[in-house]
Structures are given as C-alpha cells and as structure tokens.
Amino acid sequence: MDDGVYFMKADLVGDRGAEMTSLQARQMVRDAVDDGGFKRKPEVRPNCVRIFYEKGYHVDMPVYRKVEENGTTVYELASSSGWKRSDARDVTKWFDDARSNSNDGAQLRRLVREIKKFARSRTSWSGSILSGFGITALVVDCQRLNANREDRALYDTMKAVRDRLNYNLVVAHPVTPNDFITSGSDDAKARMLRDKLSQALTWLAPLFETDCTRSQALDCWDKVYNTTYFSERGEDEARAAASYAAPIATSAALIGLESYAGAAVSSSGGGRHA
C-alpha cells in the first residue's frame, strides 16, 4: 500500500521564507511521521518517505505539492531530481484501467500479487530486486491470463516477464512521459528479477514431465516461494480424502484462489502440472 501526502505549493516554505526543496519536503514528512515508536526509523528515499513496520512490510509515502497554472491544478512529486510533474492518482487510474481492459481484471491483480510475493520470498533479495511498482508495470504488459488454470497463468506470466527482461531491462513509468522506473539499460534490480525468474522457471520444469507426481509438483511451488505451505496443504487435503487429482489445481488453491480450484482440477490440455 502506498499513500501520498499533498501540500499547497505556497505552504511549503522554510524557516527563512524560501521555497522548500524536494528534499526538505521529504525530510519534513519523515520527521512528522516519526513519532519515536518505530523500531526502524522512517527513511527519506529518492521518491518517497518509507515507513517500516515490525511485521516486515513497509509503506511508501510520496510527497506532492499542488501548483496552480493558468487556472489548472497540477501535481509535482518531491523526487531526488527535484520537483517533478506526477500524481499518484494517475497511477491508480492507470492500474484500474488496465484491470478494466483485461479479460480478467481479478486474475490480473492476483498475478501482480503472486509475482510480488515471489520477489519478496527471500530476505536476502530485499532492496536488491525490482520494486513492486516495476513488477506491476511488467505484469500488466506481459500478462498471460488463463480462465481455468491460475497456476498456468502464473507460470506463463513469469516466463513472459523474464523474456521481456531478457529483451530489455528498461521499464518505463506507465503514466509519466519520459520517466523510468529503472535506471539505465543495465538496471541491477531488473536484472536480478530476471535472473530469479529464470531460476524459478528451472525449479518448475518438473511440472511438465509426464510422470510428475502431485507431491513433486507441490514441492516445486514450495521451492519457488521458499515455503512449505503448498506441501503442507497437500498433506491436509490428502488426509481429508479430497478428490483433487491434478497438482496444478492444488497450487492454484493454495495461493488463495479457491474459487478456481474446481475448474483447475482438470488435467486435460497443456502441461500436466503448470
């Protein structure tokens, strides 16, 4: 979740009456939110103030100023390169439009969440892999929806994002012209996402083998997400004598997409378990 803070330009004035720089505005917001109760203090980042919570997640708080120009209000972001024309609400509208224009907006949102979760599955990757916003932009561009197979949609989208990054590591800002989420043509964080996706696709390769068992398929997804969640759920279901036959179905359900489980149990067509 990100949440912007908006000020009128005339209100952003320093002690000596001078206009606040973009850095001063971010520092002001950081100081305002830091009530001394955070285990890790809020930090000024290039385009926001980042607030860390004890449970491991964070909130990015971009800082904007409203500027009146010829009777129109425009918004400028306090960025590391100064005040830059931008508005977080435009990003929200962009994603809402992407969902509306997709054949399955709900699945698109889930795919974004699932690949973000993969990118956060190892603490050692934190801060070194592409941001959630960058992942969202890539998934919107590379989405591979599948109405009956959530896991197949996830696998195909992961592969499409990896292939897109193999072609080009540059990710453009979806709303602000001539702005980019990545830095340069060899962005280290985009490169890391590409490499980790390649690794994950390798881990999922057994799913396409004709003799892949349900247990093996669950182990594959556990390895991708660095968890035991899938195999443990599989054991629970086995004990309950569930009628599921195809491992791929279980993987979809275990991601929290129970509504798809009934359809996804079909093993007809395509790979057996992906």
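Rules of the game
- Residues numbered from 1 in each chain as written.
- Predicted model: local features only at pLDDT ≥ 70, side-chain atom pairs only at ≥ 80, totals over all residues.
- Heavy atoms only, no water.
- pLDDT = per-residue confidence, 0-100.
- Helix = DSSP H or I, 4+ residues; strand = E, 2+ residues; numbered from the N terminus.
- Contact = heavy atoms within 4.5 Å.
- Core = buried A, V, L, I, M, F, W, Y, C linked by side-chain atoms within 4.5 Å.
- Buried < 20%, exposed > 50% of the residue type's maximum accessible area, 1.4 Å probe, protein only.
- Pairing = 2+ DSSP bridges.
- Axes fitted to C-alpha atoms, helices over the stretch in contact; angles between N-to-C directions.
- Parallel < 35°, antiparallel > 145°, perpendicular 65-115°, else oblique.
- Left-handed = near helix turned anticlockwise from the far one by under 90°.
- Nonpolar A, V, L, I, M, F, W, Y, C, P; charged D, E, K, R; others polar.
- Salt bridge = Lys/Arg side-chain N within 4 Å of Asp/Glu carboxyl O.

**Q** What should I look at first to understand the confidence of the model for the protein in this one?
**A** Atom-level detail of predicted coordinates should not be read off regions where pLDDT is low. When pLDDT is averaged across the protein, the result is 85; 86% of the residues are at 70 or more. Mean pLDDT per element in the protein: helix α10 (residues 261-264) is the minimum at 31, and helix α6 (residues 188-203) is the maximum at 98. Overall, residues 247-274 carries pLDDT values under 50, and its contacts beyond four positions in sequence, including any with other chains, amount to 76 contacts.

**Q** Could you clarify how one ought to interpret the nonpolar core in this entry?
**A** Within soluble globular proteins, side chains that are nonpolar tend to cluster in buried spots. Judged by nonpolar contacts, the single largest core of 44 residues is most densely connected at Val139, Met158, Val161, Leu193, Trp221 and Val224. Secondary structure elements with two or more residues in this core: α2 (88-101), α3 (105-119), α4 (132-142), α5 (150-167), α6 and α7 (214-225). Not counting residues up to four positions away in its chain, the partners in contact with leucine 193 are Ile129, Leu130, Ile135, Leu138, Val161 and Leu165.

**Q** Looking at this structure, I do not really get the sheet that holds strand β7 (residues 82-85). What am I missing?
**A** To summarise the sheet geometry, strands pair through backbone hydrogen bonds and adopt either a parallel or an antiparallel arrangement. Spatial strand order, β1-β5-β6-β7: 4 strands in an open sheet with mixed pairing. One side of each edge strand has no neighbouring strand; the edge strands of this open sheet are β1 (5-8) and β7. The average angle at which neighbouring strand axes cross in this sheet is 40°, direction not considered. Note that strand β5 (residues 63-69) and strand β6 (residues 72-79) share 6 bridges and pair antiparallel. Within β6, the position partnered with glutamate 68 by the bridge is threonine 73. In the packing of helix α1 (residues 22-33) onto the sheet, contacts are made with β1, β5, β6 and β7, and the angle to β6 comes to roughly 80°.

**Q** So what exactly am I meant to see when it comes to the environment of glutamine 24 here?
**A** Structurally, the position occupied by glutamine 24 is in helix α1. Taking the C-alpha atoms as reference points, glutamine 24 and valine 13, 11 residues apart in sequence, are found 9.6 Å from one another.

**Q** How should I be thinking about the packing of α5 against α6 in this particular structure?
**A** The relative placement of two packed helices comes down to the angle between their axes together with the axis-to-axis distance. As a packed pair, α5 and α6 sit with axes 9 Å apart at the nearest point and diverge in direction by 135°. Considering their axes alone, α5 and α6 lie oblique with respect to each other. As for how α5 packs across α6, the hand of that crossing is left-handed. Of the residues in α6, those in contact with Tyr155, Met158, Lys159, Val161, Arg162, Leu165 and Asn166 of α5 are Ala190, Leu193, Arg194, Leu197, Ser198, Ala200 and Leu201. Broken down by class, the residue content of the contact of α5 with α6 amounts to 9 nonpolar, 2 polar and 3 charged.

**Q** Teacher, can you tell me more about the pattern of salt bridges here?
**A** For the coordinates displayed, the defined rule picks out 18 salt bridges. A salt bridge links glutamate 19 to lysine 9; the shortest N-O distance between them is 3.8 Å. Taken together, the positions of glutamate 19 in the loop between β1 and α1 and lysine 9 in the loop between β1 and α1 put the pair 10 residues apart, joining distant regions of the chain. Judged by its relative accessible area of 33%, lysine 9 falls in the partly exposed class. Counted as one network, the salt bridges with shared partners bring together Lys9, Glu19, Arg65 and Glu76.

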